[in-house]
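In case you want the letters, here they are:
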Amino acid sequence: QVVPFVAVQQTSIDMLKNIAGERGIEPTPPVLLCVGGMAGIAAQSVVYPLDVLRRRMQLGPEATGSIVADRTWLALRTVVQKEG
């Protein structure tokens, strides 16, 4: 859970800093604060759904409302179909 979050966050920070630099925006503390916040939002948006899916697969059908799958994509499709 930590490694994917940090990977997405650091990649997002690098990309956003490059974009800001290309547009002539100086890397002041407020700009870096916004960059870090946006990177955190992006990382959480990517990692959280996968973490929920992992926990449901670990708990088994009794706790997940009969979502049974041995593959991540199958489980993801089942969750989306049942819960939107």
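Now for a quick tour of the structure. (Residues numbered from 1 in each chain as written. Predicted model: local features only at pLDDT ≥ 70, side-chain atom pairs only at ≥ 80, totals over all residues. Heavy atoms only, no water.)

**With respect to the overall build of the protein chain**
Scanning the protein chain from N- to C-terminus turns up four helices and zero strands. Seen in sequence order, the protein chain has helices and strands lined up from the N terminus as α-α-α-α. Contacts in the protein chain between residues at least 24 apart in sequence constitute 42% of all its contacts with a sequence separation of at least 6. Roughly 6,200 Å² of accessible area belongs to the protein chain as shown, and the carbon and sulfur atoms make up 63% of that amount. (Helix = DSSP H or I, 4+ residues; strand = E, 2+ residues; numbered from the N terminus. Contact = heavy atoms within 4.5 Å. Areas by Shrake-Rupley, 256 points an atom, 1.4 Å probe, with all protein chains shown as cover.)

**Re helix α2 (residues 29–59)**
For α2, spanning 31 residues, the distance from its first C-alpha to its last is 43 Å, which sits close to the expected 45 Å at 1.5 Å a residue. Maximal helix bending in α2 amounts to about 25°, located at Val47; proline Pro49 follows within four positions. (Expected span 1.5 Å × (residues − 1). Bend = angle between axes of the 7 residues up to and from the residue.)

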